[in-house]
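# Observations on the three-dimensional arrangement
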Amino acid sequence: MKKKIALLLALLLGLSACGVRGAEACVVVEYGLSNPWDSLMPYNSPSGSNYSRIIYDKIYDRLAYVHAGGALDPRGAASWEGADGGYAAVFHLDRDAAFHDGTPVTAEHWVETIRRMTDPACPAVGKSVFSVLAGTDGSGAATGAPLGAQALDAYTLKLTFKTPTTPEDFLLDRNREYYVLPTHLFEDVQGAQLLSLDLWDAPVGSGPCTFISETAGSRLVLGANPDYQLGRPGFDELVISVVDKSNLLPSMIAGDLDYYAFGGSVAAEDAPSARSGGLEVLEGETPNTFFELMLNNETLSRPVRQAIDLALDKQALCLQATGGLGEPADSDLLPGGEYAVKNTWSRDLERARALLAEGGYDGRTFRLACTANRSGLAALVQQELAEAGLSIEIETVDSAAMFSGMADGSYDMGIASHTPSALPLWFTESRLAEGNNIFHVPDLTPYAGYIAGIKGEMDPAARRALVAEFQAFLTQERPFIPLWFGRALHVQSPTVEGIDYPSSSFCNENVWEWTLRR
Amino acid sequence: MSGRGAWARFCRDRRAVVSLGILAAEVLLAALLPVLLGLEPNASDLSAGFWAPPTSEHWLGTDDVGRDLLSRLICGGQISLLVGFGAAGLSVAVGVPLGLLAGYRRGAWGFWIMRLADVVQTIPSIVLILCLVALTGPSIVNIILVLGLLGWTGIARLVYGNTLAVREREYILAVQALGGSPAMVLRRNVLPNVVSPVWAVLAQRVGRAILSESSLSFLGVGLRTPQASWGGLLHYASSLSVLTGRPWVWAPPGACIVTTVLCLQFVGDGLRDAFDPRGSGRAAK
């Protein structure tokens with residue numbers, strides 16, 4: 001009996017990397033996440049949230065690593081170039097990349113991944129990420145036409161797009177959604193059964209971390225992949241725990257966490273607490289949040305939308321929300337980026353009142369939705385609009401309710417934030433499109449024309465001119481109101497070195513460069 | 001038991017009298033100061049800045065939007081007290097008739113009303129309140145309705161028990177024999193003899209309703225933005241930096257809630273002793 005118990009204990013210990021190495025030698029990084037992931041299958045996340053993507057980033061490999069400023073580094077692909085007059089991108093895969101079971105990652109794995117996921121019989125909810133590829137429809141399902149994914153040789157992958165797209169634009173926009181799957185493990189499985197595999201409960205990827213165990217919704221234990229092509233992470237185990245957002249910083253101060261996603265981000269008002277708790281806080285250089293006031297273009301006429309833009313004191317709003325770590329915006333283009341336009345916004349209450357009169361505003365009360373943590377901000381918006389004579393009432397709801405309420409027209413306005421990128425259409429392309437017309441724009445034709453023109457223009461100077469023209473049109477129409485770009489404060493881990501904090505907001509973390517401080 | 005006698009007994013309980021004075025002062029200040037001083041609890045003073053510490057201009061500093069915290073504390077008191085007294089009054093208005101009906105009619109009436117009370121009491125109140133407020137939307141009226149309609153069970157049980165005892169008294173049987181209708185008997189003969197302990201419970205219910213509203217506001221599902229309440233002001237303490245670095249933000253509303261609830265408890269005790277014939281002896285000692 002004793003032998004059996006001893007054997008059982010040995011087996012249990014053997015389940016974890018630390019069990020193999022022994023408790024004393026085991027190097028564990030405790031990682032905090034404020035919301036749980038919803039699936040370990042990267043193409044089947046119902047929420048498609050960043051909380052799931054940051055998990056996939058560890059287990060599965062992507063083509064590139066995206067820095068906060070928009071720079072790209074090799075990851076699954078060692079290099080890339082454009083082809084076919086801008087309609088294709090060729091990726092030269094890293095020949096050292098391998099799955100956790102030792103199988104080398106080839107171009108055929110990438111092609112098979114895309115082929116299996118775009119199979120109309122496969123019920124993966126995330127297949128829409130492939131809708132940019134040739135041979136797919138708007139939902140990302142294969143149409144039967146030649147699929148825009150091809151293995152030129154064992155380590156060369158070619159992706160063909162529906163519209164001209166540079167490899168850099170593709171990676172900035174889609175890198176966080178493209179993962180290579182171990183297709184050799186489900187060659188004989190029908191598309192309809194693909195998501196039922198036990199593989200997705202204990203996934204095998206080719207990322208920097210291996211799967212060890214999961215307590216759904218609360219805890220995930222990953223091990224270091226010793227053979228990762230960019231280097232072995234400097235820990236044995238990465239223990240990811242779901243911790244309430246308000247407890248992330250106190251947990252780090254208390255030493256219960258070594259790091260928390262995303263990038264140890266902390267509000268300006270909490271920075272003094274972090275510092276007094278002995279933690280170093282550094283300011284990010286690249287804007288990582290973009291705040292907008294979503295507008296319902298059906299209930300708010302163009303003059304009223306313009307009046308709202310002029311009535312808001314964006315400087316005060318930005319100060320309230322960021323504590324000085326941001327700048328007011330009059331466009332969605334990333335400040336300092338290639339397409340940045342000069343900020344010409346200024347508050348003008350008189351003009352706002354005149355526009356309200358011109359727009360026939362009858363004194364009705366509009367409904368503004370926001371999440372509870374932005375109720376103060378909403379109160380400030382309410383005061384500023386009241387100064388111009390516009391009345392709103394505030395409804396504090398959760399994020400999902402706000403977006404669904406905006407989509408179904410229940411709300412007239414909503415305060416939302418996003419992670420910006422250097423692409424000129426990072427914000428507008430997905431929100432001013434048929435099927436996702438969240439601003440309820442009555443006629444999307446002119447927007448679609450501008451977007452198609454910009455996407456099809458390969459000459460940088462001509463493209464910049466088109467972007468500027470589109471921005472002027474957006475300023476005139478004001479389907480949404482850009483509020484500000486904010487920079488993050490990052491709490492530095494007292495125990496882990498080498499963390500690229502700002503890039504975490506792009507859902508990738510350089511864990512292969514993380515090492516524990518001695 | 002005469003009202004004058006009960007008041008005299010109440011006045012002998014110094015703790016209750018002082019508490020009543022504090023409560024009266026609170027109500028008066030909350031009702032009159034906003035009008036007399038022209039307070040604007042929802043107006044931001046951007047020149048003072050966000051999270052400004054106490055100054056001569058803003059005695060309790062400003063909040064995250066630059067609003068004067070003293071103004072919000074006073075006006076928040078209006079709402080917290082309104083919610084407290086409104087919800088408690090509603091609980092009494094529902095609980096007393098149901099308790100009377102169940103106790104006087106007994107049988108199926110008594111069974112079903114008391115089982116309904118059992119069912120309501122078995123559901124964790126804060127969970128039920130959160131769900132109902134989420135469904136009905138955050139507003140003063142909805143919160144008063146939800147808190148009031150969920151708080152009747154204890155009062156109904158109290159009145160039910162007392163009614164069961166009173167309905168067997170000889171004077172009740174005499175009135176019934178003389179042809180008194182059930183409605184008249186309940187109103188004129190039963191109610192006055194079972195209602196006295198309700199005054200004590202009413203005071204406790206006010207305190208509980210204020211705490212419940214505070215809990216809802218602390219959880220972020222209280223009143224509609226930008227309305228202030230003591231619980232809403234206390235919600236700022238959920239931020240680590242406010243909790244540790246800005247005590248002037250959360251300490252005053254916290255003190256107001258604690259003081260009010262304590263005073264209501266003492267007043268309730270005083271009322272119970274004043275109206276309880278067995279307690280009069282103790283109070284007179």
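Remember, predicted model here, so these are calculated numbers, not experimental data. Once a new chain begins, its residue numbering starts again from 1 and follows that chain's sequence as written. Both sets of labels track the order of writing: A upward for chains, 1 upward for ligands. Local features in this predicted model are restricted to residues of pLDDT 70 or higher, and side-chain atom pairs are both shown and tallied only at a pLDDT of 80 or more, whereas totals for entire chains, interfaces and linings draw on every residue. The side-chain values count all of the structure's non-hydrogen atoms but skip hydrogen atoms and water molecules.

### Notes on the overall build of chain A
Just so we agree on the cut-off: Secondary structure elements follow DSSP: runs of H or I of four or more residues count as helices, runs of E of two or more count as strands, with numbering from the N terminus. A simple rule labels every residue: compare its accessible area, found with a 1.4 Å probe on the protein chains alone, to the largest value its type can have, and call it buried under 20%, exposed over 50%, or partly exposed in between. It only takes one pair of heavy atoms within 4.5 Å for two residues to be counted as in contact. Per-residue accessibility takes into account occlusion by the displayed protein chains alone, with areas from the Shrake-Rupley method and a 1.4 Å probe. Asp and Glu are treated as the negative residues and Lys and Arg as the positive ones, with His and the ends of the chain left uncounted. A charge is said to be at NZ when it belongs to Lys, at CZ for Arg, at CG for Asp and at CD for Glu.
In terms of regular secondary structure, chain A is built from 15 helices and 22 strands. Once the C-alpha set of chain A is aligned to its principal axes, its extents read approximately 85 × 60 × 40 Å. Within chain A, the proportion of its 518 residues that are buried is 55%. Contacts in chain A between residues far apart in sequence, at least 24 positions, make up 69% of those at least 6 positions apart. In the structure as shown, chain A presents an accessible area of about 20600 Å², 51% of it carried by carbon and sulfur atoms. Taking the average place of the 38 positive charges on the side chains of chain A and the average place of its 66 negative ones, the gap between the two points comes to 2 Å.

### Concerning the overall build of chain B
When helices and strands are counted, chain B shows 14 helices and zero strands. Reading chain B from its N terminus to its C terminus gives the helix and strand order α-α-α-α-α-α-α-α-α-α-α-α-α-α. Along the longest, intermediate and shortest principal axes, the C-alpha atoms of chain B span 75 × 45 × 30 Å. Of the roughly 13700 Å² of accessible surface on chain B, a fraction of 67% belongs to carbon and sulfur atoms. With 23 positive and 15 negative side-chain charges, chain B shows a spacing of 14 Å between the two charge centroids.

### Details of the packing of helix 8 (residues 302–311) of chain A against helix 15 (residues 460–477) of chain A
Residue and element names in this part refer to chain A. Put simply, the test is: A fitted line through C-alpha atoms serves as each axis, taken over the contacting stretch for helices, and the angle formed by two N-to-C directions is quoted from 0 to 180°. Working definition: roughly parallel below 35 degrees, roughly antiparallel above 145 degrees, roughly perpendicular at 65 to 115 degrees, and oblique for all remaining angles. Under the grouping applied here, Gly and all other residues not named as nonpolar or charged are polar, the nonpolar ones being Ala, Val, Leu, Ile, Met, Phe, Trp, Tyr, Cys and Pro and the charged ones Asp, Glu, Lys and Arg.
Packing of helix 8 against helix 15 leaves a shortest axis separation of 8 Å and a crossing angle of 100°. Between helix 8 and helix 15, the crossing angle belongs to the class labelled roughly perpendicular. Residues Arg-302, Arg-305 and Gln-306 of helix 8 lie in contact with helix 15, whose contacting residues are Thr-475, Gln-476 and Glu-477. Within the contact of helix 8 with helix 15, the residues separate by chemical class into no nonpolar, three polar and three charged.

### So, the sheet that holds strand 6 (residues 149–153) of chain A
Residues and elements named next belong to chain A. Our working rule: Two strands make a pair as long as DSSP finds a minimum of two bridges between them.
Across the sheet, which stays open at both edges, the four strands sit in the order 4-5-7-6 with antiparallel pairing between neighbours. Two strands in the sheet have a free side with no partner beyond their single neighbour: strand 4 (77–83) and strand 6. Adjacent strand axes in the sheet meet at a mean angle of 25° when their direction is disregarded. Pairing geometry for strand 4 and strand 5 (residues 88–93), over six bridges, is antiparallel. By the bridge assignment for strand 5, Ser-79 is matched with His-92.

### So, the packing of aromatic side chains
Applied cut-off: Pairing of aromatic rings covers Phe, Tyr and the six-membered ring of Trp, with a centre-to-centre limit of 6.5 Å; geometry is then stacked below 30 degrees between planes, edge-to-face above 60, and tilted otherwise. In this scheme, Lys NZ or Arg CZ marks a charge over a ring once it lies within 6 Å of the ring centre and within 35 degrees of the ring normal.
Tallying each qualifying case throughout the model produces 33 aromatic pairs over all chains. Centroid distance Phe-290 of chain A to Phe-485 of chain A: 4.9 Å. Interplanar angle 35°. Geometry classified as tilted. Here the residue Phe-290 of chain A occupies a position in strand 14 (residues 289–295), and Phe-485 of chain A occupies one in strand 19 (residues 480–486), the gap between them amounting to 195 residues. The burial state of Phe-290 of chain A is the same as that of Phe-485 of chain A; both residues are buried. Ring centres of Tyr-361 of chain A and Phe-366 of chain A lie 5.9 Å apart, and the angle between their planes is 25°; this geometry places the pair in the stacked category. The exposure classification of Tyr-361 of chain A matches that of Phe-366 of chain A, with both residues buried. Of the aromatic side chains, those joined through ring pairs into one cluster are Tyr-43, Tyr-56, Tyr-60, Trp-80, Phe-91, Phe-130, Phe-161, Phe-170, Tyr-178 and Tyr-179 of chain A. Directly above the aromatic system of Phe-111 of chain B lies the positively charged group of Arg-115 of chain B, at a separation of 5.1 Å from the ring centroid.

### Topic: the confidence of the model for chain B
Residues and elements named next belong to chain B. Going by this rule: Per-residue confidence from the predictor is given as pLDDT, running between 0 and 100.
On average, chain B scores 86 in pLDDT, and the residues at 70 or more come to 94%. The low-confidence segment residues 281–285 (pLDDT under 50) makes four contacts with residues lying over four places distant or belonging to another chain. At the level of chain-chain contacts, confidence expressed as ipTM amounts to 0.75, with global pTM at 0.77.

### Here we look at the nonpolar core
We count it as follows: Take the buried residues of types Ala, Val, Leu, Ile, Met, Phe, Trp, Tyr and Cys, join any two whose side-chain atoms come within 4.5 Å, and each joined set is a nonpolar core.
With 106 residues, the main nonpolar core has Phe-91 and Trp-514 of chain A as its most contacted residues. Here this core takes five residues from helix 4 (residues 107–118) of chain A, the largest share from any one element. Within the second largest apolar cluster, 36 residues are counted, among which are Leu-317, Ile-394 and Leu-483 of chain A together with Val-65 of chain B.

### Concerning the pairing of strand 19 of chain A
Residues and elements named next belong to chain A. Among the seven residues in strand 19, seven count as buried, and that is most of the element. The pairing of strand 14 with strand 19 spans six bridges and is antiparallel. In the strand pairing of strand 19, Phe-290 is matched with Phe-485. In terms of strand pairing, strand 15 (residues 326–328) meets strand 19 through three bridges, oriented antiparallel. Across the sheet, residue Glu-327 finds its bridge partner in strand 19, namely Phe-485.

### Concerning the pairing of strand 17 (residues 391–396) of chain A
Residue and element names in this part refer to chain A. Heads up, the condition is: Orienting the strands away from the viewer, one traces the path from the first strand over the helix to the second; a clockwise path indicates a right-handed crossover.
In the sheet, strand 16 (residues 365–370) pairs with strand 17 via six bridges, with the strands oriented parallel. Among the inter-strand pairings, Ala-369 is bridged to a residue of strand 17, identified as Glu-395. On the question of chirality, the crossover connecting strand 16 to the parallel strand 17 by way of helix 11 (residues 375–388) is right-handed.

### Details of the interface of chain A and chain B
A common way to report how large an interface is uses the accessible area buried once the components associate. The condition that has to hold: Accessible area, probed at 1.4 Å, shrinks when two parts are joined; the buried area is that loss added up over both. By definition here, a salt bridge exists when the distance from a side-chain nitrogen of Lys or Arg to a carboxyl oxygen of Asp or Glu is within 4 Å. Pairs of N or O atoms are called polar contacts if they sit within 3.5 Å, as long as, within protein, a hydrogen donor faces a hydrogen acceptor (for residues adjacent in sequence, only side-chain-to-side-chain pairs).
Between chain A and chain B, the contact holds 21 residues from the first and 17 residues from the second. For the pair chain A and chain B, the two sides together bury roughly 1500 Å², of which 54% comes from carbon and sulfur. Looking at the side of chain A facing chain B, the largest losses of area belong to Glu-269, Gln-320 and Gln-383 of chain A, adding up to 31% of the total buried there. The interface formed by chain A and chain B includes one salt bridge. Our count for the chain A to chain B interface comes out at six residue pairs in polar contact (both at pLDDT 80 or more). The biggest single contributor to the side of chain A that touches chain B is helix 11 of chain A, with six residues. Considering only residue class, the side of chain A that touches chain B consists of eight nonpolar, eight polar and five charged.

### Looking at the state of the cysteines
Keep this limit in mind: Sulfur atoms of two cysteines make up a disulfide when they are within 2.5 Å.
By the definition in use, this model includes zero disulfides over all chains. In this model Cys-370 of chain A remains outside any disulfide bridge; the closest cysteine sulfur is found in Cys-318 of chain A, 17 Å from its own. Left unpaired, Cys-75 of chain B is separated from the closest cysteine sulfur, that of Cys-256 of chain B, by 12 Å. Of the residues examined, Cys-75 of chain B reaches a relative accessible area of 10% and is grouped as buried.

### Here's the deal with a nonpolar patch on the surface
Short version of the rule: Only residues whose relative accessible area exceeds 30% and that form no salt bridge are eligible for patches; like-charged ones are grouped when within 9 Å, while nonpolar side chains (Val, Leu, Ile, Met, Phe, Trp, Tyr) are grouped when within 5 Å.
Together, Leu-28, Leu-32, Leu-36 and Leu-37 of chain B line one region of the surface with nonpolar side chains, adding up to about 430 Å² of accessible area. Residue Leu-36 of chain B is classed as exposed on the basis of its relative accessible area, which comes to 65%.

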